[in-house]
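In case you want the letters, here they are:
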Amino acid sequence: MTTIDTRLGKVLGIDHGTSHTFLGIRYGKPPSRFMPPVAADGWNDILDATAYPTRPIPGKALGSMGQTVPGEPSEDCLFLNIYTPSTKGAPRPVMVWIHGGGFANGSANEYDGRVLASQGDVVVVIINYRLGPFGFTDLSPLGEELEGSVSNGYRDMILALEWIRDNITDYGGNADNVTIFGESAGGIAVLGLNAAPAADGLFHKAIAHSPNGPQWPGGDKTGEMAEKLGVDQSELLDKLRGMSTQEIIKAGLPVGHAIDGTVVTRPFNEAILEKGKNGVPIIVGTNRTEGTLFTPPDSNDEDIERYQNMLPGIAKSVDSDPKRYVEGIRAAYPEQNAKRLFEIVMTDSFRRIAVEIAESAFQAGVGSWLYRFDLPTTLEYNGKLTESMHACEMAFTFNSYADSDCMVFAIYDPDLPEVRRLAGQWSGTLTRFAWTGDPNGAGLPEWSQYKEGSRLVMHLDATSHVSDDPDKIHRELWVAAS
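Overview of the structure. (Residues numbered from 1 in each chain as written. Predicted model: local features only at pLDDT ≥ 70, side-chain atom pairs only at ≥ 80, totals over all residues. Heavy atoms only, no water.)

## Side note on the nonpolar core
1) Next: The biggest cluster of nonpolar side chains holds 83 residues, and the ones touching the most others in it are Ile82, Val125, Tyr154 and Leu193.
2) Next: When residues in this core are grouped by element, the largest group, 13 residues, is from helix α11 (residues 338-364).
3) Next: In contact with tyrosine 154, other than residues within four places in its own chain, are Phe103, Phe136, Ile188, Ala189, Gly192, Leu193, His257, Val263 and Val264.
4) Next: In terms of nonpolar packing, the next biggest core, distinct from the first, is built from 46 residues, Met65, Met394, Val408 and Leu444 among them. (Core = buried A, V, L, I, M, F, W, Y, C linked by side-chain atoms within 4.5 Å. Buried < 20%, exposed > 50% of the residue type's maximum accessible area, 1.4 Å probe, protein only. Helix = DSSP H or I, 4+ residues; strand = E, 2+ residues; numbered from the N terminus. Contact = heavy atoms within 4.5 Å.)

Here it is, written out as structure tokens:
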């Protein structure tokens, strides 16, 4: 154990030898339902930060990838976990992880930053934020006090970043060198924070892994919510505030990311271009076959027709002209059945975002690096090998393969030399970027910035390599149909 003095009070943490862990630091008071968060106060007694805190109320009992997770679910969830090599010495870069889970699942407690902290000599902060209807449901039509309620989860993230600005020096971090990084909905959150004026100046670099997440369905949904709950629209807010936590979850309220005009004020690409060279450098990328997470194993009696019927719907998330886009995908992959085409289109729903963010950052002059995680999984997930599915790279990001006690979702054999090598290289590349703003120098091939005319992509694999414009076929389909 280790005890440190901080601005807010004494803290008892865990000493791992190569790093220190401080779990469950409260950055926000217990939140009022549907309202903006309020900063937490300090404490008088020694704060015991040796156990995982409560975690956000999820849409499902297990973790975002079906794993068992410590910490009880609670609406009182505004905590962060800190991993630091030391609280002494020169201030280190800070890396703030924003978990994924579709804005409905996941928590800080699913990730362990000890290896990343000690290996990269960085301070890793992993944050909780409100999920589902508590953080991403739009109730603004019910009154001015609820403006931006669809982005209360973002408000939580911003409050956590403000806490880091004010307090991370006590844990060995440099508040003037903060990198935000996240995966899936967490990747979208990284981009959303870049489009939130209240977050300006709270971070200095960004890394978006497989950015995507559910979009707000659009329009005023409060009438539909009231009808579903059997009350008049004027009674909806009181009804929601009087319901139990589980009743709220079971109500199935609409949830999603939105450009609400109050917290997140403009589209991601527009924010990057508007900031120009005053923006932040960014690493962004996807996994080679994101879509394989979302389909079951092949079977002899499988109904392929249902994938045929689902294609137009998922294509809408990729392109404004889904019919033309799907026709182009069919022509590009004539040998693939409808299930495989569904996986390809689902992958594009992630990849188009990443490519366009890289292009916008290039145009803005801030620097961008585009990657693709190609290493095939070696362990089954949900009954099948999933190639390079969505979320398969997270254990590489945290290099949990270097320490069996470092628990991060993993579906690769940790004894394979190519797995350990790539995990060290990739995690080292990310911490290198946090230190210098340049990802080179951690064992991967030379990785130049993405730019038009030289659309270089880093392929992360058993033997990593760089190629020029591997997404050309798809990119030209997007351009043609846009």
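There's plenty left to go through after this.
## Focus on helix α3 (residues 152-167)
1) Next: For α3, spanning 16 residues, the distance from its first C-alpha to its last is 22 Å, which sits close to the expected 22 Å at 1.5 Å a residue.
2) Next: Among the 16 residues that make up α3, 13 are buried, leaving the element largely enclosed by the rest of the structure. (Expected span 1.5 Å × (residues − 1).)

## Overview of the pattern of salt bridges
1) Next: On inspection of all chains with the given rule, the structure shows 25 salt bridges.
2) Next: We note a salt bridge from aspartate 76 to arginine 26, for which the minimum N-O separation is 2.8 Å. In this pair, aspartate 76 sits in the loop between β4 (47-48) and β5 (79-84) while arginine 26 sits in strand β3 (residues 20-26), placing the two residues 50 residues apart along the sequence.
3) Next: Accessibility expressed as a relative area gives 25% for arginine 26, which makes it partly exposed.
4) Next: When the shortest N-O distance is used, the salt bridge between arginine 351 and aspartate 471 registers 3.7 Å. Separated by 120 residues along the polypeptide, arginine 351 in helix α11 and aspartate 471 in the loop between β13 (465-468) and α14 (472-481) bring together distant segments of the chain.
5) Next: Relative accessible area serves as the criterion here: at 7%, aspartate 471 is assigned to the buried category.
6) Next: Each of Arg288, Arg340, Glu343, Lys384 and Glu387 takes part in one network of salt bridges that share partners. (Salt bridge = Lys/Arg side-chain N within 4 Å of Asp/Glu carboxyl O.)

## Concerning the packing of aromatic side chains
Both the distance between ring centres and the angle between the ring planes are used here to describe each pair of aromatic rings.
1) Next: Throughout the structure, instances matching the rule amount to 21 aromatic pairs.
2) Next: Seen in terms of ring centroids, phenylalanine 103 and phenylalanine 136 are 4.5 Å apart; in terms of plane orientation they differ by 35°. Their pairing is tilted. Of the two residues, phenylalanine 103 is situated in the loop between β6 (92-98) and α1 (114-120) and phenylalanine 136 in the loop between α2 (132-135) and α3; the sequence distance between them amounts to 33 residues. For the pair formed by phenylalanine 103 and phenylalanine 136, the shared burial category is buried.
3) Next: Relative to phenylalanine 396, the ring of phenylalanine 373 lies with its centre 5.0 Å away and its plane at 65°, an arrangement referred to as edge-to-face. Highlighted residues: phenylalanine 373 in strand β11 (residues 368-373) and phenylalanine 396 in helix α12 (residues 394-397), separated in sequence by 23 residues. (Phe/Tyr/Trp six-rings, centres within 6.5 Å; stacked < 30°, edge-to-face > 60°.)

## Topic: helix α13 (residues 417-436)
1) Next: Compared with the 28 Å implied by 1.5 Å per residue over 20 residues, the 28 Å span of α13 between its first and last C-alpha is a close match.
2) Next: Taken residue by residue, α13 has Val419, Leu422, Ala423, Gln425, Trp426, Ser427, Gly428, Thr429, Leu430, Thr431, Phe433 and Ala434 as its buried positions.
3) Next: Directly beyond the C-terminal end of α13, a positive phi value near 80° is found at glycine 437.

## Some remarks on the pairing of strand β10 (residues 282-287)
1) Next: Burial analysis of β10 places 6 of its 6 residues in the buried class, the great majority of the element.
2) Next: Here β10 shows two buried faces, one formed by Ile282, Val284 and Thr286 and the other by Ile283, Gly285 and Asn287.
3) Next: Bridge count between strand β9 (residues 205-209) and β10: 4 bridges; the pairing is parallel. Within β10, the residue paired with isoleucine 207 across the bridge is isoleucine 283.
4) Next: Of the pairings in the sheet, the one linking β10 to β11 comprises 6 bridges and is parallel in character. Paired with isoleucine 283 across the bridge in β11 is tryptophan 369. (Pairing = 2+ DSSP bridges.)

## Remarks on the packing of helix α4 (residues 185-194) against helix α8 (residues 268-275)
1) Next: With their axes 8 Å apart at the nearest point, α4 and α8 run at an angle of 45° to one another. Classified by the angle between their axes, α4 and α8 sit oblique to one another. Between α4 and α8 the crossing geometry is left-handed. Across from Ile188, Leu191, Gly192 and Asn194 in α4, the residues of α8 making contact are Phe268, Ala271, Ile272 and Lys275.
2) Next: For the contact of α4 with α8, the per-class residue count stands at 5 nonpolar, 2 polar and 1 charged. (Axes fitted to C-alpha atoms, helices over the stretch in contact; angles between N-to-C directions. Parallel < 35°, antiparallel > 145°, perpendicular 65-115°, else oblique. Left-handed = near helix turned anticlockwise from the far one by under 90°. Nonpolar A, V, L, I, M, F, W, Y, C, P; charged D, E, K, R; others polar.)

## Quick word on the environment of tyrosine 371
1) Next: Among the structural elements, tyrosine 371 can be located in strand β11.
2) Next: In contact with tyrosine 371, not counting residues within four places along its chain, are Ala208, His209, Ser210, Ile283, Val284, Gly285, Thr286, Trp426, Trp447, Val457, Met458 and Leu460.
3) Next: Only 3.1 Å separates the side chain of tyrosine 371 from the side chain of histidine 209, close enough to count as a polar contact. (Polar contact = N/O pair within 3.5 Å; in protein donor to acceptor, adjacent residues only side chain to side chain.)

## Quick look at the environment of arginine 420
1) Next: With respect to the helices and strands, the residue arginine 420 is situated in helix α13.
2) Next: A residue is classified by how much of its surface remains accessible, and arginine 420, at 41% relative accessible area, is partly exposed.
3) Next: Sequence-wise, arginine 420 and alanine 462 are 42 residues apart; in three dimensions their C-alpha atoms are separated by 9.8 Å.
4) Next: Among the polar contacts listed, one links the side chain of arginine 420 to the backbone oxygen of tyrosine 401, at a separation of 3.0 Å.

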